[in-house]
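Structure assessment
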Amino acid sequence: MFPIRRNRRLRTTEAIRSLVRETIISPNDFLVPLFVVEGQGIKEEIASMPNYYRYSLDLLQDEIKTLWSLGLKSVLLFVKVDDALKDNKGTEALNPNGLMQRAIKTVKSVCPDMLVMTDVALDPFSSYGHDGIIEHGKIVNDATVEVLAEMSISHAEAGADFVAPSDMMDGRILGIREGLDQSNFIDVGIMSYSAKYASSFYGPFRDALDSAPVDLQNIPKDKKTYQMDFANRDEAIRETEMDINEGADIVMVKPGLCYLDIVRDIRNSFDIPIAVYQVSGEYAMLKAASEKGWLDHDSVMLEQVTSIKRAGADIVASYFAKDVVKLIS
Ligand SMILES: NCC(=O)CCC(=O)O
Ligand SMILES: [Mg+2]
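By the naming in an unreviewed UniProt entry, the chain is Delta-aminolevulinic acid dehydratase, taken from Winogradskyella vincentii. What UniProt states about the chain under its Sequence similarities (unreviewed entry) heading is, verbatim, "Belongs to the ALAD family."

This is how it looks when you write it as structure tokens:
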């Protein structure tokens, strides 16, 4: 007895495979993270992120033009802050002439149509490398939310289209939304890192920004009191639902590959755009394995990004964005 249905018919040639393909990757899917530093003429490679760079504002302009020419229309800005400017409250984050504020203006000046999203969190500005203010050895929630709301207003004043709070304090989406609305930034959106896990895949990013938690007595050694336990799944639904109710326009799951079950749960639970952040450790793993000749870089990259979208992501924040777009164009 031969089967009536032969599924292999739909796989016989590339033409039929592409005709029935369910997930298509395009430049529209990507959000490009960018690392910005003070100085001039700087394009420095991040040691643990081969072929990924920190840019000073002058060279950031060229990179923005390149991204736009590739059809990449959205960026997510991160700044590397001088140690001398860091303190417990991240005061420098509110400087109207700070590096982030200038970076936003720089992008808008060379490419007004580029969508500019900004990282809103204390850690790059914190002398302790934490996403919140520390009092008596603890990360305090509500005082941190106030700073995050002010930071968001400051980014909006500089011209940001979206703010992206990456800290996981409770209630910060509401605090930020109210702050933006009261300052008449009703059209500035919020992409919430709503299910961000306490992951060990962030190491290279912390190298990039020199933002790892410091090793000092009475300072928490990790971010487990605010980022989520990677053993938890249902909690991601609660976190996401709360952020949607507080006014998030886009929700996010982070990291990517190890968390695609979470992405699908959220896709099945809510009708809202979902972003996935394929993080620095995921990037570094593939770079290292392909440098050793153990994995084929481009095909694994495409498989990873496609899988993230197949799981339910609408938006992929990825250090591979440029590479993928070049590969598929
Ligand atoms: N708040 C942004 C990040 O923590 C990024 C992490 C990564 O790329 O590893
Ligand atoms: Mg939350």
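With that out of the way, let us pick up a nonpolar patch on the surface. There is a patch of nonpolar side chains on the surface, built from L10, L19 and V20 and spanning about 300 Å² of accessible area. Within the secondary structure, V20 sits in helix α1 (residues 14-20).

This brings us to the site of ligand 1. The environment of ligand 1 is formed by 13 residues, the closest being Y202, F205, K254, S280 and Y319. Interatomic distance of 2.5 Å between a side-chain N/O atom of K254 and an oxygen atom of ligand 1. The contact in question runs from an oxygen atom of ligand 1 to an N or O atom on the side chain of Y319, over 2.5 Å. For ligand 1, whose accessible area on its own is 290 Å², the fraction buried by protein is 98%.

Okay, the nonpolar core next. Counting 103 residues, the largest nonpolar core has F35, V75, M191 and Y277 as its most contacted members. Here the element with the most residues in this core is helix α4 (residues 141-158); it accounts for 7 residues.

Across all of its chains, the model carries 14 aromatic pairs by this definition. Ring centres 5.9 Å apart and planes at 45° place the aromatic pair F35 and F78 in the tilted group. Placement of F35 in strand β1 (residues 30-37) and of F78 in strand β4 (residues 74-79) is noted, with a sequence separation of 43 residues between them. F78 shares its class with F35; the two are buried. Plain terms: the ring middles of Y283 and Y319 are 5.9 Å apart, the flat faces sit at 70° to each other, and that makes the pair edge-to-face. With Y283 in helix α9 (residues 280-291) and Y319 in the loop between β12 (315-318) and α11 (321-328), this pair connects stretches of sequence that are 36 residues apart. Both residues of the pair, Y283 and Y319, belong to the buried class. A cation over a ring is seen here: K43 above Y53, with NZ or CZ 4.5 Å from the ring centre. If you follow K254 out to its NZ or CZ, it ends over the ring of Y202, 4.8 Å from the centre.

Here is what the cut-offs are and how they apply
- Along every chain, residues carry numbers that run from 1 in the direction the sequence is written.
- Note on labels: chains are lettered from A, ligands numbered from 1, in written order.
- The predicted nature of this model means local features are confined to residues of pLDDT at least 70 and side-chain atom pairs, given and counted, to a pLDDT of 80 or more, with totals for whole chains, interfaces and linings taken over all residues.
- Where side-chain values are given, they derive from all heavy atoms of the structure, hydrogens and water being excluded.
- UniProt positions are given in the numbering used here, feature names are shortened, and annotations may be inferred rather than shown by experiment.
- Like-charged residues within 9 Å of one another, or nonpolar side chains (Val, Leu, Ile, Met, Phe, Trp, Tyr) within 5 Å, are grouped into patches, provided each residue has over 30% relative accessible area and no salt bridge.
- Using a 1.4 Å probe, accessible areas were evaluated by the Shrake-Rupley method; residue-level cover was limited to the displayed protein chains.
- When a carboxyl oxygen of Asp or Glu lies within 4 Å of a side-chain nitrogen of Lys or Arg, that pair is called a salt bridge.
- Secondary structure elements follow DSSP: runs of H or I no shorter than four residues count as helices, runs of E no shorter than two count as strands, and numbering proceeds from the N terminus.
- Neighbouring residues are identified by heavy atoms, a residue being near a molecule or strand if any of them is within 4 Å of it.
- Between N or O atoms, a polar contact is any pair within 3.5 Å; within protein, one atom must be a potential hydrogen donor and the other a potential acceptor, and residues adjacent in sequence are included only when both atoms are from side chains.
- Residues belong to a common nonpolar core when they are buried Ala, Val, Leu, Ile, Met, Phe, Trp, Tyr or Cys residues joined through side-chain atoms within 4.5 Å.
- Each residue is assigned to one of three classes by its accessible area relative to the maximum for its type, calculated with a 1.4 Å probe on protein chains only: buried under 20%, partly exposed between the two thresholds, exposed over 50%.
- Pairs were defined over the aromatic rings of Phe, Tyr and Trp, the Trp ring being its six-membered one, requiring ring centres within 6.5 Å. Orientation was assigned from the angle between planes: stacked under 30 degrees, edge-to-face over 60, tilted for the rest.
- Consider the ring centre and the ring normal. A charge sits over the ring if Lys NZ or Arg CZ is within 6 Å of that centre and within 35 degrees of that normal.

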